[in-house]
Amino acid sequence: MRIGLYPGTFDPLTLGHIDIIRRAARLVDRLVIGVAINRDKGPLFTLEERVAMIEAEAARLAVPGGAEIIVHPFENLLIDCARDVGAQVIVRGLRAVADFEYEFQMVGMNRALDSSIETVFLMADTGHQAIASKLVKEIARLGGDVSTFVTPDVNAALIAKYR
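The present account deals with the structure reproduced in this document.

The rules behind these values
The numbering scheme is per chain: residues are counted from 1 as the chain's sequence reads. Reporting in this predicted model follows two pLDDT cut-offs: at least 70 for local features of residues, and 80 or more for side-chain atom pairs to be given and counted; totals over whole chains, interfaces and linings ignore these cut-offs and use all residues. For side-chain calculations, the full set of non-hydrogen atoms in the structure is used, while hydrogens and water are omitted. Criterion for a salt bridge: a side-chain nitrogen of Lys or Arg within 4 Å of a carboxyl oxygen of Asp or Glu. Here a strand is any run of E in DSSP of at least two residues, a helix any run of H or I of at least four, and the numbering for each starts at the N terminus. Partly exposed residues are those whose accessible area sits between 20% and 50% of the maximum for their type, while under 20% is buried and over 50% is exposed, using a 1.4 Å probe and protein chains only. For two strands to pair, DSSP has to find at least two bridges joining them. Only the stretch in contact is used when fitting a helix axis, every axis being a line fitted to C-alpha atoms; angles between N-to-C directions are given from 0 to 180 degrees. Note on definitions: a residue-residue contact is assigned when non-hydrogen atoms from the two residues lie within 4.5 Å. In this analysis, rings of Phe, Tyr and Trp, with Trp reduced to its six-membered ring, are considered paired at centre separations within 6.5 Å, and the interplanar angle assigns stacked below 30 degrees, edge-to-face beyond 60, and tilted for intermediate values. As used in this structure description, the phrase polar contact means that two N or O atoms lie within 3.5 Å; if the pair is within protein, one of them must be able to donate a hydrogen and the other to accept it, and residues adjacent in sequence are counted only when both atoms belong to side chains.

**Focus: the pattern of salt bridges**
At step 1: Overall, the coordinates contain eleven salt bridges when judged by the stated rule.
At step 2: Across the salt bridge formed by D29 and R2, the nearest N and O atoms sit 3.4 Å from each other. Taken together, the residues D29 in the loop between α1 (15-24) and β2 (30-36) and R2 in the segment before β1 (3-8) connect sequence positions 27 residues apart.
At step 3: Using a relative accessible area of 46% as the deciding quantity, one classes R2 as partly exposed.
At step 4: One salt bridge connects D19 with R23, and the closest N-O pair in it is separated by 2.8 Å. Of this pair, D19 and R23 both sit in helix α1, four residues apart, which is roughly one turn of that helix.
At step 5: The exposure class assigned to D19 is buried, which follows from its relative accessible area of 9%.
At step 6: Exposure remark for R23: the relative accessible area of 23% places this residue in the partly exposed category.

**Considering the sheet that holds strand β5 (residues 118-123)**
At step 1: Spatially, five strands are ordered β3-β2-β1-β4-β5 in an open sheet, and the strand pairing comes out parallel. Among the strands making up the open sheet, the edge pair consists of β3 (68-74) and β5. Along the sheet, successive strands turn relative to each other by an average axial angle of 30°, direction set aside.
At step 2: Along the sheet face, helix α2 (residues 47-61) touches β2 and β3 and points at about 170° away from the line of β3.
At step 3: Where helix α4 (residues 97-113) meets the sheet, its contacts fall on β4 (89-94) and β5, and the angle it forms with β4 comes to roughly 165°.

**As for the pairing of β3**
At step 1: Relative to β3, β2 is paired through seven bridges, and the arrangement is parallel. The residue bridging V32 from the neighbouring strand is I70, located in β3.

**Re the packing of aromatic side chains**
At step 1: According to the stated counting rule, one finds two aromatic pairs in the structure shown.
At step 2: Considering the side-chain rings of Y6 and F10, the 5.3 Å spacing of their centres and the 75° angle between planes classify their relative orientation as edge-to-face.
At step 3: The exposure class of Y6 is buried, given its relative accessible area of 5%.
At step 4: Both rings, one in F100 and one in F104, keep their centres 5.7 Å apart while their planes meet at 40°; by these two values the pair is tilted. With F100 and F104 both in helix α4 and four residues apart, this pair spans about one turn of that helix.
At step 5: Using a relative accessible area of 55% as the deciding quantity, one classes F104 as exposed.

**Some thoughts on the environment of R50**
At step 1: Among the secondary structure elements, R50 is positioned in helix α2.
At step 2: Each C-alpha atom of the pair R50 and P73 lies 9.5 Å from the other, and the pair is 23 residues apart in sequence.
At step 3: Sequence-distant contacts of R50, that is, excluding residues within four places in its chain, are made with T9, F10, D11, V35, A36, I37, P43 and F45.
At step 4: Here the side chain of R50 touches T9 through a polar contact of 2.8 Å, landing on its backbone oxygen.
At step 5: Among the polar contacts listed, one links the side chain of R50 to the backbone oxygen of F45, at a separation of 3.2 Å.

Set out below in structure tokens:
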């Protein structure tokens, strides 16, 4: 069984994330969406809220005979999380050159920790390259419309948070 791990904070889950999930699910038999707890980032949504949002969207993406998509919170090293879930591959999305520079360093470190786990990069769809969770939160906080960047459920959750 080919198992992939798509890690992130997903604070909040965006249409860019969903695009990567949909495409990554075509490459593996099981896609584990690793939700990083990452207390240092001070997420807007609790871990439970982020997991619930991802589980709801993952259920909509499920197709008969397609990859199983599961959500797995983690707080340890990414490479340890990959080992914990039995992943042979880590999936990362890239939007721009700045993403590549950061990810390039991460791949090197992860390969040094466990060379048996590969990292695969999926380029963001051109319609989603500008979407960043940090910017989505800022726009929503300032009363802007983020409905073109997130699902209706996530949009409602953002509006509720900033009310």
